[in-house]
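Residue-level listing of the chains:
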Amino acid sequence: GREDPSRTRPPPRLAMSRGWHPPGRERCRFLLLVLVLPMCDPVSSLRYGSGCTRKNPLHFERFSHPPGMQATRARQEEEVVIVLDSDEEDLERTKRRREEGASVSVKAQRTESAAKHVPSTEEDARLARKLQEQEFRGSLPAGAGGTRRSREFAADGRGFWLFHTEGIEGRGNEHALRLRDVVQGDIEWAILTNYMIQERWLLSEVPLLSSIPKVVLMYPFPGSGSSPPSSSIERYEPPTPSYGVHHSKVMLLGYRTGIRVAVMTANHIYEDHYDMTDALWVQDFPLKREEEKESSEFEDDLVAYFQATQWKGTKLQCGSKLDAQYLRRYSFKHARAKVVASVPGRYQGDKMRMWGHMKLRSILAKESFDSQFKKCPMVWQCTSI
């Protein structure tokens with residue numbers, strides 16, 4: 001199909017993997033795969049119809065295709081795999097091809113095995129609930145038995161947290177947080193990156209931000225006419241190519257003895273925090289000891305992301321310069337997550353695996369999964385793709 005030039009590349013975003021446990025601490029694995037398929041020509045033209053890769057029946061009604069193409073695509077669906085390349089120049093080489101060695105007997109075996117048992121949504125829910133209760137009982141203090149209690153907030157990186165959602169009662173908000181529950185303590189500086197920020201709402205939602213000596217807001221703020229609502233706030237708009245936007249949602253809180261790293265799915269606007277289901281991952285990290293010289297993968301990836309924003313840094317009250325390299329003061333060696341950042345641009349060679357889905361692909365290639373998680377459903381948590 002022919003690609004619509006108005007479509008943009010996926011926006012920048014931080015993602016997370018490995019070693020997490022979602023709310024309730026059940027152990028699951030998370031995989032996010034974004035596939036951008038090209039648009040086809042309208043009904044008035046057949047020029048690109050034979051190259052279409054779409055599957056939606058409504059698409060075949062709206063656009064012209066060679067006779068019988070939809071039925072042929074359906075018959076071939078079990079025999080093809082998708083080859084994904086990262087660079088824009090590779091899109092021409094991205095194609096659908098037959099699996100090597102595929103045969104009628106193999107397809108029959110797949111159909112037969114799939115027909116034997118297809119896990120239902122109810123079965124998946126029961127498995128998740130069972131794992132959740134097992135993990136929950138394992139986290140209770142000695143002698144507490146199986147007594148149910150509320151999950152107390154801890155920035156230990158061991159799970160996802162959900163933000164409180166208005167209109168949801170009972171279990172839906174049982175362990176939910178508000179942003180002000182995360183922004184706590186004697187914070188010396190803060191960096192909040194996002195796509196959308198309602199600055200005055202953010203300060204009303206998290207009053208503590210007004211008392212932090214240095215707050216950096218990284219987002220594509222509209223215009224430069226208005227001043228920040230607080231003298232301690234600095235704005236920075238990361239430069240992006242014409243086809244991309246800054247979309248990452250990470251918050252760094254600096255303390256005298258360490259740093260809190262939070263990655264979330266919510267824009268800092270009222271609608272995202274209270275009218276949508278949004279998630280948060282957060283972990284605290286200490287300062288490095290004097291003898292600790294080595295860096296970790298988490299540290300290198302986090303520093304590389306902030307370097308990619310081209311932020312030059314700012315001066316703290318203590319006189320130190322807060323920039324990407326400043327983050328190397330902290331020890332991230334016990335991080336329970338991986339950083340997967342998306343940075344708009346064109347990359348070749350090793351740089352192709354620094355960002356986005358190719359970075360995620362390289363991480364998952366090194367992962368191993370317990371037998372009980374084989375063929376488990378994928379869990380998605382997002383507000384926009």
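Residues numbered from 1 in each chain as written. Predicted model: local features only at pLDDT ≥ 70, side-chain atom pairs only at ≥ 80, totals over all residues. Heavy atoms only, no water.

Enquirer: Would you explain the side chain of Asn267 in this entry?
Expert: Tracing the sequence through the fold places Asn267 in the loop between strand 9 (258-264) and helix 7 (270-275). By relative accessible area, Asn267 is classed as buried at 7%. Setting aside residues up to four positions removed in sequence, Asn267 forms contacts with Asn194, Tyr195, Met196, Lys249, Asp272 and His273. (Helix = DSSP H or I, 4+ residues; strand = E, 2+ residues; numbered from the N terminus. Buried < 20%, exposed > 50% of the residue type's maximum accessible area, 1.4 Å probe, protein only. Contact = heavy atoms within 4.5 Å.)

Enquirer: What am I meant to see in the confidence of the model for the protein chain here?
Expert: Low pLDDT means the predicted coordinates in that region are not meant to be read closely. On average, the protein chain scores 74 in pLDDT, and the residues at 70 or more come to 60%. The model gives residues 12-48 a pLDDT under 50, and that stretch makes 137 contacts with residues more than four places away or in other chains. (pLDDT = per-residue confidence, 0-100.)

Enquirer: Just checking my understanding: could you explain the packing of aromatic side chains for this structure?
Expert: Pairs of aromatic rings are described using the distance from one ring centre to the other and the angle between the two planes. Throughout the structure, instances matching the rule amount to nine aromatic pairs. With a centroid separation of 5.4 Å and 65 degrees between ring planes, the pair formed by Phe153 and Trp161 is classed as edge-to-face. Exposure remark for Trp161: the relative accessible area of 2% places this residue in the buried category. Judged by centre distance (6.3 Å) and plane angle (65 degrees), the ring pair of Tyr326 and Tyr330 falls under edge-to-face. For the pair formed by Tyr326 and Tyr330, the shared burial category is buried. An aromatic cluster is present here, built from Trp281, Phe285, Phe298 and Phe332 joined pairwise through their rings. Its end group placed over the ring of Tyr330, Arg329 keeps NZ or CZ at 5.7 Å from the ring centre. (Phe/Tyr/Trp six-rings, centres within 6.5 Å; stacked < 30°, edge-to-face > 60°. Lys NZ or Arg CZ within 6 Å of the ring centre and 35° of its normal.)

Enquirer: Would you mind going over the side chain of Ser232 with me for this structure?
Expert: Along the chain, the position of Ser232 falls in the loop between strand 6 (214-218) and strand 7 (233-236). At 3.4 Å, the side chain of Ser232 forms a polar contact with the backbone oxygen of Ile212. If sequence neighbours within four positions are ignored, Ser232 has contacts with Leu209, Ser210, Ile212, Pro213, Lys214 and Val215. (Polar contact = N/O pair within 3.5 Å; in protein donor to acceptor, adjacent residues only side chain to side chain.)

Enquirer: Mind showing me how you'd approach helix 8 (residues 297-308) here?
Expert: One turn of the α-helix equals 3.6 residues, which is why residues spaced by three or four share an orientation. Its twelve residues place the ends of helix 8 16 Å apart at the C-alpha level, agreeing with the 16 Å of an ideal helix rising 1.5 Å per residue. Buried residues of helix 8: Phe298, Glu299, Asp301, Leu302, Val303, Ala304, Tyr305 and Phe306, and no others. In the segment just after helix 8, Gln310 is the residue with positive phi, at about 65 degrees. (Expected span 1.5 Å × (residues − 1).)

Enquirer: For this particular structure, what's the right way to read a negative patch on the surface?
Expert: Taken together, the side chains of Glu166, Glu169, Glu271 and Asp275 define an acidic patch exposed on the protein surface. Residue Glu271 is classed as partly exposed on the basis of its relative accessible area, which comes to 37%. (Patch = residues over 30% accessible without salt bridge, like charges linked within 9 Å, V, L, I, M, F, W, Y side chains within 5 Å. Areas by Shrake-Rupley, 256 points an atom, 1.4 Å probe, with all protein chains shown as cover. Salt bridge = Lys/Arg side-chain N within 4 Å of Asp/Glu carboxyl O. Lys, Arg positive; Asp, Glu negative; His and termini not counted. Charge placed at Lys NZ, Arg CZ, Asp CG, Glu CD.)

Enquirer: What's the story with the pattern of salt bridges in this structure? I'm lost.
Expert: Close approach of charged atoms allows side chains of opposite charge to pair. A full pass over the atoms with the stated rule returns eleven salt bridges. Asp284 is paired through a salt bridge with Arg260; the nearest N and O atoms lie 2.6 Å apart. One end of the pair, Asp284, is in strand 10 (residues 279-286); the other, Arg260, is in strand 9, with 24 residues separating them in the sequence. Under the relative-accessibility criterion, Asp284 is labelled partly exposed at 35%. The buried category is assigned to Arg260, whose relative accessible area is 11%. Because the salt bridges share partners, they merge into one network encompassing Lys288, Glu299, Asp300 and Arg328.

Enquirer: Any chance you could explain the nonpolar core here in plain terms?
Expert: Generally speaking, nonpolar side chains in soluble globular proteins are found buried as a group. Counting 35 residues, the largest nonpolar core has Trp189, Ile191, Leu252, Ile259, Val261, Phe298 and Phe306 as its most contacted members. Within the residue set of this core, elements represented by two or more residues are strand 5 (189-193), strand 6, strand 8 (250-254), strand 9, strand 10, helix 8 and strand 13 (338-341). For this core, the leading source of residues is helix 8, giving six residues. Beyond its immediate sequence surroundings of up to four residues, Phe298 is in contact with Val261, Trp281, Phe285, Phe332, Ala335, Ala337 and Val339. Phe163, Leu177, Val182 and Trp201 belong to the second largest nonpolar core, which has 31 residues in total. (Core = buried A, V, L, I, M, F, W, Y, C linked by side-chain atoms within 4.5 Å.)

Enquirer: Looking at this structure, I do not really get the environment of Phe221. What am I missing?
Expert: You can see Phe221 is positioned in the loop between strand 6 and strand 7. Distance from Phe221 to Asn194, taken between C-alpha atoms, is 9.9 Å for residues 27 residues apart in sequence. Beyond its immediate stretch of four places on either side in the chain, Phe221 contacts Arg235, Tyr236 and Glu237.

Enquirer: Looking at this model, I keep getting lost on the environment of Arg180. Mind explaining?
Expert: In this structure, Arg180 sits in helix 5 (residues 179-182). Take Arg180: its relative accessible area is 33%, and that puts it in the partly exposed class. Along the backbone, Arg180 and Leu208 are 28 residues apart, and their C-alpha atoms lie at a distance of 7.9 Å. Every residue in contact with Arg180, bar those within four places of it in the chain, is listed here: Glu205, Val206 and Tyr274. Here the side chain of Arg180 touches Glu205 through a polar contact of 2.9 Å, side chain to side chain.

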